[in-house]
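Observations on the model geometry
Single-letter residue listing:
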Amino acid sequence: MKPLDTKKDYQNYVDKKSPNSPIFKNCFNAFWVGGLICSIGQIIMDFCKFRGLDKTLSSTIVSIILIFISAFLTGLNLFNKIGKFAGAGSLVPITGFANSIVSPAMEYKSEGYVMGVGAKMFTVAGPVLVFGISASILVGIVYLIFNTQSITLV
Amino acid sequence: MEKIGLQTIKFSNPVTILETASIVGPKEADGPIAKYFDQCLDDEFWGEKTWEKAESKIIKETVNMAITKSKIPAQDIDFCFAGDLLNQCISSSFGLRELNIPFFGIFGACSTFVEGLCLGSVFIDGNGANNVICAASSHFCSAEKQFRFPLELGNQRPPTAQWTVTGSRMCIPY
């Protein structure tokens, strides 16, 4: 092995030796698992509409059911096996969000209910909430400005 | 002893290792050097309720195993150098507090064990001690809990992701 002189040489060496993630396989698995989860959500929604519930209530029920299934599977230590297989397919829908709250809650139970579960429950989901809500506030402000402007122009 | 160059110490009395012991977790037991470990565990809890307590138990049992093998009673061991990955080296300090051996908690991540050997050897060569214990401990679950993500989180790890060791190793130099 010839001596590696620079950081760049070493980084090239590491990249050459590291096995690549199987991107096509991962994308394919994420695709069909994510699609399956969303299809299940759609089935639940159609069932609720069939039973005469309105659109808002149906979508709330879909969220509740998917969150429950995700939390239940996390508790049984099954969701992380699905996640290892499906990657973004299970993490991007609402199932991933539920998993990201239940998993720290389970992990930190050993530190007590207030300082453990209560304080640490949002360690993974926290940034999602903060930046998601902040982004929606920005969008709302932009909408307010442009909406008001379009009214005054007319 | 004398210092040579920038980072080398030369001992006047060579220090030798008297006895060693190691206990590892299930993943390490599946590895290629499994037969060299003294004990392999079936799960990461070893009967304890939390991973930190399990890690304390692992290092305590490792140290007791080496002390028994060496036939030196614990009272005759002068100092203990031990460390792990957690905040305040809590699993080693709690695991080894019943030994009643003066305890130096050290932190060097993966190099903790060698760091202990260096420091223990300096004590022995300088006639500060006759026998010392050098130990290091690590636990995948407690390290993930402190530094990375909860174990139940459904994220994908790339093929090159590293896996923290679950195990404890100690030796008695004299």
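In this text the structure is predicted, and so the values were computed from the model without any measurement.

Cut-offs and rules
- Counting restarts for each chain, with residues numbered from 1 along the sequence as it is written.
- Following the order in which they are written, the chains are lettered starting with A and the ligands numbered starting with 1.
- Thresholds applied to this predicted model are a pLDDT of at least 70 for local features of residues and 80 or more for the giving and counting of side-chain atom pairs; totals over whole chains, interfaces and linings are not thresholded and use all residues.
- Values reported for side chains reflect all heavy atoms of the structure, with hydrogen atoms and water molecules removed beforehand.
- Marked domain ranges trace back to an automatic or database domain assignment.
- For this analysis, a salt bridge means a side-chain nitrogen from Lys or Arg found within 4 Å of a carboxyl oxygen belonging to Asp or Glu.
- Residue burial is assigned from relative accessible area. The probe radius is 1.4 Å, only protein chains are included, and a residue is buried under 20% of its type maximum, exposed over 50%, and partly exposed in between.
- Counting from the N terminus, the helices are DSSP H or I runs at least four residues long and the strands are E runs at least two residues long.
- Contact criterion: two residues are considered in contact whenever any of their non-hydrogen atoms come within 4.5 Å of each other.
- Polar contact is defined as a pair of N or O atoms within 3.5 Å, subject to the rule that within protein one atom must be able to donate a hydrogen and the other to accept it, and that residues adjacent in sequence are counted only when both atoms are side-chain atoms.
- Note on geometry: axes are C-alpha line fits, over the in-contact stretch for helices, and angles between N-to-C directions span 0 to 180 degrees.
- By definition in this entry, angles of less than 35 degrees are roughly parallel, angles greater than 145 are roughly antiparallel, angles of 65 to 115 are roughly perpendicular, and the rest are oblique.
- By convention, the crossing between two helices is left-handed when the near helix turns anticlockwise from the far helix through less than a right angle, and right-handed when the turn is clockwise.
- In this count, Pro and Cys sit with the nonpolar residues alongside Ala, Val, Leu, Ile, Met, Phe, Trp and Tyr, while Asp, Glu, Lys and Arg are called charged and the others, Gly among them, polar.
- The term buried area refers to how much accessible surface (probe radius 1.4 Å) is lost by two components on association, counted for both of them together.

**Digging into the domain arrangement of chain A**
One can read the domain layout of chain A as domain 1 (26-123) and domain 2 (126-154). Between the C-alpha centres of domain 1 of chain A and domain 2 of chain A there is a distance of 28 Å.

**Some words on the pattern of salt bridges**
Scanning the model with the defined rule gives 7 salt bridges over all chains in all. B:Arg148 is the salt-bridge partner of B:Glu144, the closest N and O atoms lying 2.7 Å from each other. Note on B:Glu144: relative accessible area 4%, which makes it buried. Within the structure, one salt-bridge network assembled from shared partners comprises A:Glu111, A:Lys120, B:Glu52 and B:Lys145.

**Description of the environment of B:Asp84**
Residues and elements named next belong to chain B. For Asp84, the location among the structural elements is in the loop between β5 (79-83) and α3 (90-95). Between the alpha carbons of Asp84 and Ile59 there is a distance of 9.6 Å; along the sequence they are 25 residues apart. Discounting chain neighbours no more than four positions away, the residues touching Asp84 are Glu55, Cys89, Ile90, Ser91, Ser92, Ile106, Phe107 and Ser137. At 3.1 Å, the side chain of Asp84 forms a polar contact with the side chain of Ser91.

**Quick word on the packing of helix α2 (residues 23-50) of chain A against helix α3 (residues 55-75) of chain A**
Residues and elements named next belong to chain A. Put simply, α2 and α3 touch, their axes get as near as 9 Å, and they point 135° apart. Our classification of the angle between α2 and α3 gives oblique. The hand of the α2/α3 crossing is right-handed. For the pair α2 and α3, contact is made by Ile37, Gly41, Ile44, Met45, Cys48 and Lys49 and by Lys55, Ser58, Ser59, Ile61, Val62, Ile65 and Leu66, respectively. For the contact of α2 with α3, the class distribution of residues is 8 nonpolar, 3 polar and 2 charged.

**So, the interface of chain A and chain B**
Facing 26 residues of chain A, the contacting portion of chain B comprises 15 residues. Each partner contributes to the roughly 1600 Å² buried at the junction of chain A and chain B, and carbon and sulfur atoms together form 58% of this total. Along the contact surface separating chain A from chain B lie 5 residue pairs in polar contact (both at pLDDT 80 or more). The set of elements that each furnish at least two residues to the side of chain A that touches chain B consists of α4 (79-86) and α6 (94-107) of chain A. Partitioning the side of chain A that touches chain B into residue classes produces 10 nonpolar, 13 polar and 3 charged.

**Structural notes on the side chain of B:Ser91**
Residues and elements named next belong to chain B. Relative to the assigned elements, Ser91 resides in helix α3. A polar contact is formed between the side chain of Ser91 and the side chain of Glu55, at a distance of 3.3 Å. Setting aside residues no more than four positions away along its own chain, Ser91 makes contact with Glu52, Glu55, Ser56, Ile59, Asp84 and Leu86.

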